[in-house]
Amino acid sequence: MKIVRDPAELEFPVRPVGFVPTMGAFHEGHLELMRTSARENDCTVVSLFVNPTQFAPHEDLSKYPRNESRDAEMAEAAGVDVLFAPTVDTIYPRRTTEVRVSGVSERFEGEVRPTHFAGVATVVLKLFNMVRPDRAYFGLKDLQQCAVVRRMVEDLNVPVELRFLETVRESDGLAMSSRNVYLSSEDRAIAPRLYQVLARLASTLRADPQVSVQSLVEDASAQLGREGFEVQYLALVDPQNMEPVAIFHPGCRWIIAAKLGNIRLIDNVPV
Ligand code: AMP
């Protein structure tokens, strides 16, 4: 596996090229994206870049876990050909141009983190232009990010095929996340409740598609509140446009964001 810092060195002798953008601190969720790309393409490129523009000033940029040598070993074992690990100055010599995707960016994560998706869309487009992949791989764990990237690719005619893969979970159901290591042992023990509640909401709605979504949301939020979560949003949405839906419709998903202590967890499940 080659480690590249300079985008000018991103030349690939074989195609198709699959691309997995990441911020490092790899876990099975990242590795599954890499292995899928390695199976589906002749060359797999992973970017490792903790993107400052998607963090608000009060967020955890400086505390974000970083360990490039461990990540490089894991990526190589997952079949990655090129690890692109640029510096902040390489990616952002200036910050004069920004990509903003209206509509899909605005609700849910966009309300809690108003500048987040402009940072995501801008860095993803810059990385696409540097790597020029045939396919790019994203995790549905970050459902709204998938919607934002999909809309940007459509709106700006970016020549890439997008692949979205289902969330990889710990054995107790907790969605894998680089931030899980910061949960206290007490909070780690209750964190899987988030997924259990989502899974129950999905089965309730499947069993009775006419049930009141509003009352399901109120009951589940109150229950999670009693268990120690601070629920920021819980909703049934259409993942194409991230609009709330009032009753079941094909493809809809339950989404949630909740704080446990200082740690913010997000998750979602299909119905
Ligand atoms: P990150 O490094 O957190 O920016 O994530 C890089 C990519 O991995 C994104 O496309 C995420 O959606 C994806 N990802 C993160 N956690 C998981 C997970 N538990 N399962 C599947 N994909 C994930």
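No experiment lies behind these values; they were computed from the predicted model shown. (Residues numbered from 1 in each chain as written. Predicted model: local features only at pLDDT ≥ 70, side-chain atom pairs only at ≥ 80, totals over all residues. Heavy atoms only, no water.)

Draft legend 1. Local environment of the pairing of strand β6 (residues 161–165). Here five bridges tie strand β5 (residues 135–139) to β6, and the two strands are oriented parallel to one another. The partner of Gly139 across the bridge, within β6, is Leu165. Read as a crossover between parallel neighbours, the route from β5 over helix α6 (residues 143–155) to β6 is right-handed. (Pairing = 2+ DSSP bridges. Helix = DSSP H or I, 4+ residues; strand = E, 2+ residues; numbered from the N terminus. Right-handed = clockwise from strand over helix to strand, strands pointing away.)

Draft legend 2. Spotlight on the pattern of salt bridges. Across all of its chains, the model carries 16 salt bridges by this definition. Asp60 is the partner of Arg179 in a salt bridge, and the nearest nitrogen-oxygen pair spans 3.0 Å. Highlighted residues: Arg179 in the loop between β6 and α7 (185–190) and Asp60 in the loop between β3 (43–48) and α2 (68–77), separated in sequence by 119 residues. Its relative accessible area of 21% is what places Arg179 among the partly exposed residues. The partner of Glu98 in a salt bridge is Arg100, with the nearest N and O atoms 3.5 Å apart. There is no split in this pair, since Glu98 and Arg100 are both exposed. Through salt bridges that share partners, Glu28, Glu32 and Arg35 make up one connected network. (Salt bridge = Lys/Arg side-chain N within 4 Å of Asp/Glu carboxyl O. Buried < 20%, exposed > 50% of the residue type's maximum accessible area, 1.4 Å probe, protein only.)

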